[in-house]
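The lines below spell out each chain.
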Amino acid sequence: MNLSAFRFTTNLDDNIKQMKEQFSHDNTFICRMVQGRGSPALRAALFFFDGMVESSNINESIIKPISLWEGAPLPMDAVIDEVLHIDDCPFDPPVDKLVSAFLYGDTIVLVDGDSRPAVVNTKGFAKRGPDEPDNEKVLRGPREGFTEAFMGNLALIRRRLRTPDLCFEFSQVGSVSHTTVSICYINGIADQTVLQAVKQRLKQIELDAVLDANYLSELMRDDRFSPFPTTGFTERPDIVAAKLLEGRIAIVVDGTPVVLTVPHILQETFQANDDYYISYLYTNLTRWLRVLGFVLTITLPAIYVALLTWHQEMIPTRLLFSIAASRQGVPFTTFTEAVGILIIFEILKEAGTRTPETIGQALSIVGGLVLGQAAVEARFASAPMVIVIAFSGVTALIVPKLRTATLLLRFFLLICAAILGLYGVLLGLACILAHVCRLTSFGIPYLTNILAGEKHNGQDVLFRFPWFAMKPDKRFLAGWNGVRR
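Rules used in this analysis
- Residues numbered from 1 in each chain as written.
- Predicted model: local features only at pLDDT ≥ 70, side-chain atom pairs only at ≥ 80, totals over all residues.
- Heavy atoms only, no water.
- Core = buried A, V, L, I, M, F, W, Y, C linked by side-chain atoms within 4.5 Å.
- Buried < 20%, exposed > 50% of the residue type's maximum accessible area, 1.4 Å probe, protein only.
- Helix = DSSP H or I, 4+ residues; strand = E, 2+ residues; numbered from the N terminus.
- Contact = heavy atoms within 4.5 Å.
- Polar contact = N/O pair within 3.5 Å; in protein donor to acceptor, adjacent residues only side chain to side chain.
- Arc of directions from axis to C-beta.
- Patch = residues over 30% accessible without salt bridge, like charges linked within 9 Å, V, L, I, M, F, W, Y side chains within 5 Å.
- Areas by Shrake-Rupley, 256 points an atom, 1.4 Å probe, with all protein chains shown as cover.
- Salt bridge = Lys/Arg side-chain N within 4 Å of Asp/Glu carboxyl O.
- Pairing = 2+ DSSP bridges.

Our focus in this paragraph is the nonpolar core. Membership of the largest hydrophobic core comes to 25 residues, with the highest contact counts inside it found for Val198, Leu202, Leu216, Met220, Ile249 and Ile251. Looking at this core element by element, the count peaks at 5 residues for helix α6 (residues 192-203). Contacts of leucine 202, omitting those with residues within four sequence positions, involve Ser171, Val173, Val181, Ile183, Leu216 and Met220.

What follows is the structure, encoded as structure tokens:
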């Protein structure tokens, strides 16, 4: 874009001409001339994009006041004070801010005889309501979710944290998209070292466009090649508010309902949205079920393959005979059979996710039943293997935040089991544990609050204490932030 087109002169007709030449290939660009009733009359020009503005706002706040003005022509600053009916109108801003606001739905106003523009807030593009996110539904609790509207998302956070210490710092990323990003934190609670790290990494991003929060996540996170997430994702404002109160920092990206929260540690992956909205007794039970489900989903296929391949003597005799009978006629090894069924299961799950909702549900259920039954009857797979893989797939759904780690670690442990049996499984688990121990998230150890050497009181780690016993100043970053220590 030629920024010289936004360096206006005192001649209104010349300004209109150069703006029309700049956007001659954009049919959504609109130039509107307005003239007052005086003699000589006040002449003004409005520039905006159709579909990005609220038409009624332009008509009532700009066009109508100017057309009814009976006085003499005025300079732009006087027009803002005496003529226009507006609440937000930056006057003669820098060119970069002028262009950014204009392309985002604001209206540029110029008057004859003055080269200084005014930028009127007239944004009015379509946006959806803050409905509950499909991926983060709760049994009880708030039902609001973030949308693609940037300022609306910040308002949802502000409604829950009505404190002057809540800070929003804006910046832009993307050399072409100029996407607005907000760093949200509570002054006095957020760790300043983490905050500076977030700002520094955000400045180092070099991309043409940022269309989703994951763009920033992949560029800003620690240990980029790890399957474990070191940045948090959420579409719920109540979760963001809770994270901010614990000393974390939220990153809101314009155009996406997903908000990043950092630092992100392992214990968060086993916490559900409504853990704090239902009974702590039920919460503690389900939290341990999630941990158990994650362990089973990555180890169960590997243990089954290891027992059948290397350690048949460890299987009870009757069970071993039953498994041997079911495997009669199966032409594949146990390892090959497990890998094949796992791949088919992932294909069915991906197909169900990508197809329309009604078709996807039927595809997942019918496809799983039909293919599983047909594979067993045709002797391509044994019934016990189908049961093991199906159970492993179901338990993976308990911890959706670890979906990538679950998929990769399951295959990794399968390979270890096929090579060294149960010793390989134990070696693989040791490697996973060593990897997790070295992970960090913006300088915070990934196992913070879990390792015995870390400073915590265990209120919200393995168990969620009841609210009457919870001390908010002792959670998460209490051992790292001197303000809250």
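As a further point, take the environment of isoleucine 341. Within the element layout of this structure, isoleucine 341 appears in helix α11 (residues 334-354). On the basis of relative accessibility, which here comes to 16%, the residue isoleucine 341 falls in the buried class. Between the C-alpha atoms of isoleucine 341 and glutamate 246, which are 95 residues apart in sequence, the distance is 42 Å. Among all residues touching isoleucine 341, those that are not within four sequence positions of it are Ala381, Met385, Val386 and Ile389.

Here the focus is the side chain of serine 226. One can find serine 226 in the loop between α7 (213-220) and β7 (232-234). Look at serine 226 and you get buried, because its relative accessible area is 6%. Engagement of the side chain of serine 226 in a polar contact is seen with the backbone nitrogen of phenylalanine 228, the distance being 3.2 Å. Looking at serine 226, its side chain comes within polar contact range of the side chain of histidine 435, at 2.8 Å. In this view, serine 226 contacts Arg221, His435 and Leu439; residues no more than four positions away in its chain are not counted.

Inspection of helix α4 (residues 95-103) places Leu98, Val99, Ala101 and Phe102 among the buried residues, and these make up the whole buried set. Burial along α4 is one-sided: seen end-on, the buried residues are contained in an arc of 170 degrees. Turned more than 90 degrees from where α4 packs its buried face, Asp96 and Lys97 sit exposed. Where α4 is buried, its residues contact α1 (12-22), β1 (29-35), β2 (43-49), β3 (107-111) and β4 (118-120). Immediately beyond the C-terminal end of α4, within one or two residues, lies glycine 105, with a positive phi of roughly 115 degrees.

Residues Leu139, Tyr282, Leu285, Leu289 and Leu292 make up a contiguous nonpolar surface patch of roughly 520 Å² in combined accessible area. Structurally, the position occupied by tyrosine 282 is in helix α9 (residues 280-310). Looking at tyrosine 282, the relative accessible area reads 45%, which means it is partly exposed.

This part takes up the pattern of salt bridges. Enumeration according to the criterion identifies 24 salt bridges in this entry. Residue aspartate 13 is joined to arginine 43 by a salt bridge in which the shortest nitrogen-to-oxygen separation is 3.1 Å. With aspartate 13 in helix α1 and arginine 43 in strand β2, this pair connects stretches of sequence that are 30 residues apart. For aspartate 13, a relative accessible area of 45% puts it in the partly exposed group. Residues glutamate 132 and arginine 236 are paired through a salt bridge, measuring 3.8 Å at the closest nitrogen-oxygen approach. One end of the pair, glutamate 132, is in the loop between β4 and α5 (150-160); the other, arginine 236, is in the loop between β7 and α8 (237-245), with 104 residues separating them in the sequence. We classify glutamate 132 as buried; its relative accessible area is 18%. Within the structure, one salt-bridge network assembled from shared partners comprises Glu132, Arg143, Arg236 and Asp238.

Now for the pairing of strand β6 (residues 179-186). Most of β6 is tucked away, with 8 of its 8 residues classed as buried. Covered by surrounding structure in β6 are Thr179, Val181, Ile183 and Tyr185 together with Thr180, Ser182, Cys184 and Ile186, the residues of both alternating faces. Relative to β6, strand β5 (residues 166-173) runs antiparallel, the two being bridged by 8 bridges. Paired with glutamine 172 across the two strands is threonine 180, which belongs to β6. Turn length for the β5-β6 hairpin, with the two strands adjacent in sequence and antiparallel, is 5 residues, and the turn residue glycine 174 shows positive phi of about 95 degrees. In terms of strand pairing, β6 meets strand β8 (residues 249-253) through 4 bridges, oriented antiparallel. Looking at the pairing, cysteine 184 lines up with alanine 250 of β8.

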